Structures are given as structure tokens and as C-alpha cells.
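Geometric and topological summary
Read off the chains here:
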Amino acid sequence: MSDTRRTLLDALAEGPVSGPDLADRLGVSRAAVWKHVESLRDDGFGVESTSDGYTITDVPEYGGPAIEYGLEADYDVEFHEVLASSNDRARELAADGATDVAVIAREQSASKGRKGREWSAPDGGVWMSLLVRPDEPPAHAPLYTLAMAVAVCDAAREAGVDASIKWPNDVIVSRPPQRATNDGSSGASASDGGIASEASNRSADSGESDRGYKKLCGILTEMEGEADRISWLIIGPGTNVNLDPETLPEGATSIAAEAGPVERRVFVQRVLERFEELRDDLDSVLLAWRERADTLGRQVRVHTASGVVEGKAVDVEHPGTLVVQTDEGETRVHAGDCEHLRPATDDSR
Ligand SMILES: Nc1ncnc2c1ncn2[C@@H]1O[C@H](COP(=O)(O)OP(=O)(O)OP(=O)(O)O)[C@@H](O)[C@H]1O
Ligand SMILES: O=C(O)CCCC[C@@H]1SC[C@@H]2NC(=O)N[C@@H]21
């Protein structure tokens, strides 16, 4: 988006503004102002010309200008109707030297999940990749992913969803798994040693896998760095917003399913504004993450590159390390796939 367009949107967001005033603030002719206003109308904005000046009467639900209108965070928005992957587009922008850009696609045709897994990204979700260049060592990169998880969690909570975070960066809606039934169709058996993986259980009435939570958002972070400094960082959250979970892979949920549909432009604004707040106060990230964590206090099984770590998740430490209390003592896990486990006869932690 051009600087002029952004200045125009910022000016209109403050309230009615006269043509001459706009021409002054944009440094363009009044005829050019009129053209910009017309192009906003083409983008779906309602713009009325009143005695106080131009006034916005209607904002489209989604799209680049809609997101930038009233956005209180210092990011450019690059919006696409369709992209293969917003992370890939952000990588191109990184190669061109850009920074502080939120790439957003209405839908993606080749979304990337973690570890090369597939991700489903139809219209209705919020598929975004934020390109930043923090002046930090590469080892601190996980803090930014944690910050994004907090930002998405808070935006989802504001929309009325009971969201929390699963280590390291899935935003989930936690649901106590179904209790064992008389026919034994749910719950753990004695043969599994008294601890059942939530993923391996079956919900009593639906027959779907019941891992005790549904996934609302996953984040794919990519980075390039030198030995002591991040060159660029792309943080890519994919959030199921106005989508029917029936159209998503099993185990997924959406904001619409949990709390009703929301305006995606407002959701994106909240995420970017909250992320900027956290990014400007990195010391607050771990505390904010801990307060929203579903993983802490749970029995977990973490699959790491060097093996499986099983025990109780007791803390998360800088820059995102999970501390697990195992039978052998405390183990620190820097990366891995984390399963939540639960006692076979007790669905509390
Ligand atoms: N839009 C989506 N597209 C694809 N998967 C989604 C989507 N929304 C939620 N999911 C869930 O995310 C899972 C893929 O994420 P991931 O590979 O991280 O696995 P996971 O089940 O979350 O396990 P873990 O994080 O423990 O490795 C899918 O199994 C699906 O349940
Ligand atoms: O596996 C996961 O949990 C992470 C999924 C990340 C998906 C998002 S959608 C926006 C961004 N663009 C991509 O191609 N992937 C991420």
C-alpha cells in the first residue's frame, strides 16, 4: 500500500476531514484526493461527503485497506486474494530488503505447516506472515513466536473464545476429554500404565479422536541469521476464524464455531497491535505466555530430535524452553512435538 493511501486511511480513521485538509496532509491536489476517495469506494468503503468533510460510513469485512484503516501498529499490509503461501511471499520480500510487513492471503493454495506438513487455508481464515528484523541474536527467535501465540490467543479471547496456548505455539481450545463410559469406548485401560495419550483416545459419542483440545491456530516461523544477529524473521500464524470445522482437518476448531463469526479485519488488527506491544517489551512475553498456557502443570510427552521426554511440564524459560519434571529430574526441551497426557482415571491436571 502506498504511503499516500495509508496517510489517507489514517486521516479518515480520526473522523471527518475536509478535502482541502486532506490535500494538505497528503501533499496532493484536491483532484488527486477525489481520485483516492473514489478508489476507496471501489474497494468497498462507504465514503460520504458531509459539511464536516469526508466521513467513512462503511468498512469492508476484509482486505488490505480495510485492515490498514484504524490499524494502530506500525506494519504495512500486503494483501493478496490467493497466494501459494504467505510465508513464501514474505521470504521474497525479505530478499528484497523489506521489513515490518504483514503479508495476508484470503486463501492459500500450498500452505506450509510445521515440519513440512500440509495446512489447509481456505477463504474464511486469517493466513498471515509477519516479516520483522529484530536486532537480536538468533537464539532469541523463539520469543517472537511465543509473542505471536499470545497475540493470537488474546485476539481470540476478545472474540469470546476460551483460548489457551499449547507449548510451544499452538493456540487451542482445551476440552476435558470424555470420561470413561460403561462400554469402555473412552478413557484409558490399565494396560497403558495408567496414563493415556489424549490423542489416542476416542470420544464416546462421536467416534472422533479426542486429544482433549482442538487447534485454533498454528504458527510457522522461519528465519535467516548470522552468528550473532537475526537477519530476518517471518512469523506465520494461520488462524481458523470464520470457518466450519467440518471443512478442516480433524482436531481443528474455529472462532466462528466457538463464539460466532468475527470481522477478520478487526481480528488481524488486534493481533498486530498486541504483537507490537509484546515485541516492544520482550521481557513481558514469558509471563504473558505462562498466564495463557494450557501445557504447564500437565503430564506431557515431548518428541525431540534426541528422543522422547516424558513428565510434568513445570515451566517455560527464556527463550521458550520447556522445563519437564521427569523421574530422573528436570529436563529442558528446546524444540519438539508436545503431546498432552492425562491420568487415566482423572481428567483434572
Ligand atoms: N487449518 C488447518 N489446517 C490443517 N490442520 C489444522 C488446521 N487447523 C487445525 N489443524 C490441526 O493441526 C494439526 C496439524 O498441526 P501439527 O502438525 O502441529 O499437529 P498437532 O496435531 O497439532 O500435533 P503437535 O503440535 O503435537 O505436533 C492437524 O492435525 C489439525 O488437527
Ligand atoms: O503446523 C502448524 O501448526 C503451523 C501452520 C502454519 C500455517 C500458516 S498460514 C499462514 C502462514 N503461511 C503458511 O504457508 N503457513 C503459515
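Under an unreviewed UniProt entry, the protein chain has the name Bifunctional biotin--[acetyl-CoA-carboxylase] synthetase/biotin operon repressor and belongs to Haloferax mediterranei.

Looking at the element boundaries, Ile255 is found in helix H7 (residues 255-259). Considered as a pair, Ile255 and Gly160 are 95 residues apart in the sequence and their alpha carbons are 8.2 Å apart.

A few words now on the sheet that holds strand S9 (residues 213-225). As summarised here, the arrangement of the seven strands in space is S3-S4-S5-S10-S9-S7-S6, forming an open sheet in which the pairing is mixed. A strand with exactly one partner marks an edge of an open sheet, and here the two such strands are strand S3 (76-83) and strand S6 (163-166). The mean inter-strand angle of the sheet, taken between neighbouring strand axes irrespective of direction, is 25°. In the sheet, strand S7 (residues 170-174) pairs with S9 via four bridges, with the strands oriented antiparallel. The residue of S9 that forms the bridge with Ser174 is Tyr213.

Turning to empty space enclosed by the protein, a few remarks are in order. Evaluation of the coordinates by the stated rule reveals one cavity of 30 Å³ or more. Estimates place the volume of the largest cavity at around 30 Å³. The wall of the largest cavity is formed by Val126, Met128, Val152, Pro237, Thr239, Phe267 and Val271. At the level of secondary structure, the elements contributing two or more residues to the lining of the largest cavity comprise strand S5 (126-132), strand S10 (230-239) and helix H8 (264-279).

Next up on the list: the pattern of salt bridges. Considering all chains together, one arrives at 35 salt bridges under this definition. A salt bridge links Glu222 to Lys112, with the shortest nitrogen-to-oxygen separation between them at 3.3 Å. Pair noted here: Glu222 is in strand S9 and Lys112 is in the loop between strand S4 (101-108) and S5, with a separation of 110 residues, a long-range link. Salt bridges sharing partners connect three or more residues here, namely Asp154, Arg274, Glu277, Glu291 and Arg292.

Let's shift gears to the confidence of the model for the protein chain. Residue-level pLDDT values for the protein chain average 90, and 88% of them are 70 or greater. With pLDDT under 50 throughout, residues 180-197 is counted as low confidence; its partners more than four residues away or in other chains account for 30 contacts. With pLDDT under 50 throughout, residues 199-208 is counted as low confidence; its partners more than four residues away or in other chains account for 26 contacts.

Residues in close proximity to ligand 1 total 16 residues, the closest being Arg117, Arg211, Lys215, Asn240 and Glu250. Contact between ligand 1 and Arg211: an oxygen atom at 2.5 Å from a side-chain N or O atom of the residue. In this structure, a nitrogen atom belonging to ligand 1 sits 2.9 Å away from a side-chain N or O atom of Asn240. Protein contact buries 83% of the 600 Å² of open area that ligand 1 shows by itself.

Moving on to the site of ligand 2. Neighbouring residues of ligand 2: 20 residues in total, closest Ser85, Ser86, Lys112, Arg114 and Lys215. Taking Asn87, its side chain carries an N or O atom lying 3.5 Å from a nitrogen atom of ligand 2. In isolation ligand 2 has 410 Å² of accessible area, and contact with the protein removes 98% of it. In this structure, ligand 2 is accommodated by the largest pocket. Counting only elements with at least two residues in the shell around ligand 2, the list comes to helix H5 (86-95), S5, S9 and S10. The leading source of residues in the shell around ligand 2 is S9, at four residues. Looking at the shell around ligand 2 residue by residue, the class counts come to six nonpolar, ten polar and four charged.

This part is about H8. A rise of 1.5 Å per residue sets the reference length of H8, with its 16 residues, at 22 Å; its end C-alpha atoms lie 22 Å apart and thus fit the reference within 8%. With respect to burial, H8 is a largely interior element, twelve of its 16 residues being buried. Arg264, Arg265, Phe267, Val268, Gln269, Val271, Leu272, Glu273, Arg274, Phe275, Glu276 and Leu278 are the residues of H8 that are buried.

On to the layout of surface pockets, then. What the largest pocket holds in volume is close to 810 Å³. Lining the largest pocket are 42 residues, with Arg117, Glu118, Trp119, Asp170 and Lys215 sitting closest to its centre. For the lining of the largest pocket, the secondary-structure elements that each account for two or more residues are H5, S5, S9, S10 and strand S15 (337-343). Looking at the lining of the largest pocket, the element that brings in the most residues is S9, giving five residues. Looking at which domains feed residues into the lining of the largest pocket, each of domain 2 (64-165 + 212-284) and domain 3 (177-210 + 295-349) supplies at least three. Along the wall of the second largest pocket there are 18 residues; nearest its centre are Thr145, Pro168, Asn169, Thr221 and Ala335. For the lining of the second largest pocket, the elements supplying multiple residues, two or more each, are helix H6 (141-158) and S9. By residue class, the composition of the lining of the second largest pocket is ten nonpolar, six polar and two charged. There are two domains that each give the lining of the second largest pocket at least three residues, and those are domain 2 (64-165 + 212-284) and domain 3 (177-210 + 295-349).

Reading guide: rules and limits
Residues numbered from 1 in each chain as written. Chains lettered and ligands numbered in written order. Predicted model: local features only at pLDDT ≥ 70, side-chain atom pairs only at ≥ 80, totals over all residues. Heavy atoms only, no water. Helix = DSSP H or I, 4+ residues; strand = E, 2+ residues; numbered from the N terminus. Pairing = 2+ DSSP bridges. Axes fitted to C-alpha atoms, helices over the stretch in contact; angles between N-to-C directions. 1 Å grid on protein atoms, 1.4 Å probe; cavity = no way out; pocket = protein on both sides within 12 Å on 5 of 7 lines; lining within 4 Å. Points joined across faces, edges and corners; volume = space filled by probe spheres on them. Salt bridge = Lys/Arg side-chain N within 4 Å of Asp/Glu carboxyl O. pLDDT = per-residue confidence, 0-100. Contact = heavy atoms within 4.5 Å. Near = heavy atom within 4 Å. Polar contact = N/O pair within 3.5 Å; in protein donor to acceptor, adjacent residues only side chain to side chain. Areas by Shrake-Rupley, 256 points an atom, 1.4 Å probe, with all protein chains shown as cover. Sits in = over half its atoms within 2 Å of the grid points. Nonpolar A, V, L, I, M, F, W, Y, C, P; charged D, E, K, R; others polar. Expected span 1.5 Å × (residues − 1). Buried < 20%, exposed > 50% of the residue type's maximum accessible area, 1.4 Å probe, protein only. Domains from an automatic or database assignment.

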